[in-house]
Amino acid sequence: MVTAGYGPAPSQAGDLYLPPGDGIHPVVVLIHGGFWTAMLDRSQLAPLAQDLVTRGYAVWNIDYRGLGEDGGGWPGTLEDAAAAVDTLAGLAAGDLPGGQTAADSARGRLDLDRAVAIGHSAGGQLALWLASRPGLPAGAPGSGSPGVPLAAAVSLAGVLDLRAADADELGARFGDPTVPPPAKAPAPARPELAPAIAGLTPHGTTAALLGGRADAIPDRYALASPLERLPLGVPQLVVHGDADTGVPPTQSRTYVTAARERGEQVEYVEIPGADHFDVIDPDHPSWQAVVRRLPDLLKTAGD
């Protein structure tokens, strides 16, 4: 594993994992959750990266500026996710000023025609939003021709309907330091940011991410919410546990229904008894359901 930067901030970086040997490999972009806050980082998904690389995938496990640090929120968080994916082009070409060691190791080894984003929770929103970039209007965060278009996208317990997330004030626990974290939640990577984040999230993290409630800034919600970016135009896999109390399964169910109505290629897998963090446990059946479907997902993308 080697680390490469795609911007000047410490959070503008990712870890590149490559299978042994000299072959060319499909690429998985991993995007961590944490309700878009800077309290969590890419280490949350390192076990998935390690599992994927043993299965023959190159993995780009990314960070991005989140709520509570300079540049986090609108539009920085979205712009960072887009820039991180486009950095794959430099890695594949062996030319990346912010990470030449990584680029040297990746030269000629990344199959960018088979790049898939897999995101958890808030990262699920970012994964599906990234797939929508070719359809974004000029001037929107992430707009313009993507340097690396995604072939497919996977959401794990994702926040896919931002208007509903705002109405439900999802993530408001970050604004209440007396509320204990949910079971199985990872320890925060940057707990010192908790007071700053608490001040930003009285109505949940969606409003903090976008800079206001949905009724006040509907245009931003329309640009960022995967539900409102349909159709994405790439195959999608949506996975959610039916025991998830952090992000309710209705987020995924509503999205999948709308996607199918728009003619999208989308498969929905709801895991009985799985909670919000089971879906990122490499030993859990929910993750096994993902890796079983990845080869077909990428094959469908190439058809």
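Analysis parameters
- For every chain, the first residue of its written sequence is number 1, and the numbers climb from 1 along that sequence.
- For this predicted model, a pLDDT threshold of at least 70 governs which residues receive local features, and a threshold of 80 or more governs which side-chain atom pairs are given and counted, while totals over whole chains, interfaces and linings are taken from all residues.
- Processing note: side-chain calculations cover all non-hydrogen atoms of the structure and skip hydrogens and water entirely.
- Here a helix means four or more residues in a row that DSSP labels H or I, a strand means two or more in a row labelled E, and each is numbered from the N terminus.
- Throughout, radius of gyration means the C-alpha value; the globule benchmark is 2.2 Å times the number of residues raised to the power 0.38.
- The rule is simple: take the accessible area with a 1.4 Å probe, protein chains only, and divide by the maximum for that residue type; under 20% is buried, over 50% is exposed, in between is partly exposed.
- Only heavy atoms matter for contacts: two residues are in contact if any of them lie within 4.5 Å across the pair.
- Axes here mean lines fitted to C-alpha atoms, for a helix over just the part in contact, with angles spanning 0 to 180 degrees between N-to-C directions.
- Crossings are assigned a handedness: left-handed for a near helix turned anticlockwise from the far helix by less than a right angle, right-handed for a clockwise turn.
- Being paired, for any two strands, means DSSP has found at least two bridges between them.
- Any carboxyl oxygen of Asp or Glu within 4 Å of a side-chain nitrogen of Lys or Arg constitutes a salt bridge here.
- Residues belong to one nonpolar core when they are buried, are Ala, Val, Leu, Ile, Met, Phe, Trp, Tyr or Cys, and are joined through side-chain atoms within 4.5 Å.
- Consider the strands pointing away from the viewer: the crossover is right-handed when the path from the first strand over the helix to the second runs clockwise.

Draft legend 1. Highlighting the overall build of the protein. Within the protein, the regular secondary structure consists of eleven helices and eight strands. Radius of gyration (C-alpha) of the protein: 18 Å, near the 19 Å computed for a compact globule of 303 residues. In terms of its C-alpha atoms, the protein occupies a principal-axis envelope of roughly 50 × 40 × 40 Å. Residue burial in the protein is summarised as follows: out of 303 residues, 58% are buried. Put simply, 75% of the contacts in the protein that link residues at least 6 apart link residues at least 24 apart.

Draft legend 2. View of the packing of helix α2 (residues 76–93) against helix α4 (residues 122–131). Running from amino to carboxyl end, α2 crosses α4 at an angle of 65°, the nearest separation of the two axes being 10 Å. Considering how the two elements wind past one another, α2 and α4 form a crossing that is right-handed. Across the interface between the two elements, T77, L78, A81, A82 and V85 from α2 touch Q125, L126, W129 and L130 from α4.

Draft legend 3. Structural context of the pairing of strand β2 (residues 13–17). Among the five residues that make up β2, five are buried, leaving the element largely enclosed by the rest of the structure. Here β2 shows no split at all, with A13, D15 and Y17 on one side and G14 and L16 on the other all buried. Bridge count for strand β1 (residues 2–5) against β2 is four bridges, and the pairing is antiparallel. Bridging from a neighbouring strand, G5 pairs with A13 of β2. By the bridge criterion, four bridges tie β2 to strand β4 (residues 58–62) in an arrangement that is antiparallel.

Draft legend 4. Just the pattern of salt bridges, in detail. One pass over the structure, following the stated rule, counts 16 salt bridges. Across the salt bridge formed by R190 and E69, the nearest N and O atoms sit 3.2 Å from each other. In this pair, R190 sits in the loop between α5 (162–167) and α6 (194–200) while E69 sits in the loop between β4 and α2, placing the two residues 121 residues apart along the sequence. By relative accessible area, which is 27% here, R190 ends up partly exposed. For E69, a relative accessible area of 14% puts it in the buried group. Taking the shortest distance from any N to any O, the salt bridge between R213 and D166 comes out at 2.6 Å. Taken together, the positions of R213 in the loop between α7 (205–210) and α8 (218–224) and D166 in helix α5 put the pair 47 residues apart, joining distant regions of the chain. On the accessibility criterion, R213 (26% relative accessible area) is partly exposed.

Draft legend 5. Molecular detail of the nonpolar core. Residues I31, W36, W60, L91 and Y255 are the most contacted members of the largest nonpolar core, which totals 71 residues. Looking at this core element by element, the count peaks at eight residues for α2. Filtering out sequence-adjacent residues up to four positions away, I31 remains in contact with L45, I62, Y64, A117, I118, G119, H120, G123, L126, A127 and L130.

Draft legend 6. Representation of the pairing of strand β7 (residues 236–241). Within β7, six of the six residues are buried, which leaves the element mostly enclosed by the surrounding structure. Of the two faces of β7, the one carrying Q236, V238 and H240 and the one carrying L237, V239 and G241 are both buried. Pairing analysis gives four bridges linking strand β6 (residues 152–156) to β7, with the strands arranged parallel. Its bridge partner lying in β7, A153 is registered against Q236. When β7 meets strand β8 (residues 266–271), the two strands line up parallel, connected through six bridges. Across the sheet, the residue bridging to G241 is I271, located in β8. The β-α-β motif built from β7, the intervening helix α10 (residues 250–261) and the parallel element β8 has right-handed crossover chirality.

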